[in-house]
Amino acid sequence: MSVQTPVAPVVGIVMGSSSDWEVMSQAVAILDEFGVSHECRVVSAHRMPIDMVDYGAQAPARGLKAIIAGAGGAAHLPGMLAALTHLPVFGVPVPSRYLRGEDSLLSIVQMPKGVPVATFAIGEAGAANAALHVIANLAVNDAVLTEKLIAYRARQTEAARAMRVPPVT
Ligand code: RP5
């Protein structure tokens, strides 16, 4: 029987609720595609504030290089994590029930000067792009990741060039 050593996560993906998973799983899918090790957790800023403080404070010592944080409504999780660590925090506004995520977006993007959160689009595109942006940052010091990113972009280019209108169904 072989025992596999678990790979230490480089990216932390956190979200305020399990109801955010459908959106945040898009970030997971991208990191999986690029082979970037990651962990996923629910860390609610207002329901688990002590856990949130511990997560942010311990992230660098645990080997994380970046945090992707998604939340909806009064979405203070990304900003609070940014306050708790010097690691880069990438914020994903999750669509909310009543304001369609505009509240989430403004809560995350309007950080006061000095504690930045890189904020992405509302919803699935934002989650995927947050992961791609983390990868672009990691790729600066990683030639293999750089090649994967260039290939990923090239596939998008080819797919766009193959598009015809009206679309073939
Ligand atoms: C936020 O409240 C979460 O990020 C989620 O987007 C929203 C609703 O949470 P649930 O009521 O679905 O648990 O904290």
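Residues numbered from 1 in each chain as written. Predicted model: local features only at pLDDT ≥ 70, side-chain atom pairs only at ≥ 80, totals over all residues.

The name an unreviewed UniProt entry assigns to the chain is N5-carboxyaminoimidazole ribonucleotide mutase, from the organism Alcaligenes ammonioxydans. According to UniProt, the comment filed for the chain under the heading Pathway (unreviewed entry) is "Purine metabolism; IMP biosynthesis via de novo pathway; 5-amino-1-(5-phospho-D-ribosyl)imidazole-4-carboxylate from 5-amino-1-(5-phospho-D-ribosyl)imidazole (N5-CAIR route): step 2/2." As stated in UniProt under Function (unreviewed entry), the record for the chain gives "Catalyzes the conversion of N5-carboxyaminoimidazole ribonucleotide (N5-CAIR) to 4-carboxy-5-aminoimidazole ribonucleotide (CAIR)." (UniProt positions renumbered as here; feature names shortened; annotations may be inferred.)

(A) Representation of helix α5 (residues 124-139). An ideal rise of 1.5 Å per residue puts 22 Å on 16 residues; α5 measures up with 22 Å between its terminal C-alpha atoms. Every buried residue of α5 is accounted for by G126, A127, A128, A130, A131, L132, V134 and I135. Looking at the buried residues of α5, the elements they touch are β1 (11-15), α1 (21-34), β3 (66-72), β4 (89-94) and α6 (143-161). (Helix = DSSP H or I, 4+ residues; strand = E, 2+ residues; numbered from the N terminus. Expected span 1.5 Å × (residues − 1). Buried ≥ 20, exposed ≤ 12 C-beta atoms within 10 Å, placed from the backbone. Contact = placed C-beta atoms within 7 Å.)

(B) Here's a closer look at the site of the ligand. What surrounds the ligand is the set M15, G16, S17, S19, D20, S44, A71, G72, G73 and V94. Split by residue class, the shell around the ligand holds three nonpolar, six polar and one charged. (Near = placed C-beta within 6 Å. Nonpolar A, V, L, I, M, F, W, Y, C, P; charged D, E, K, R; others polar.)

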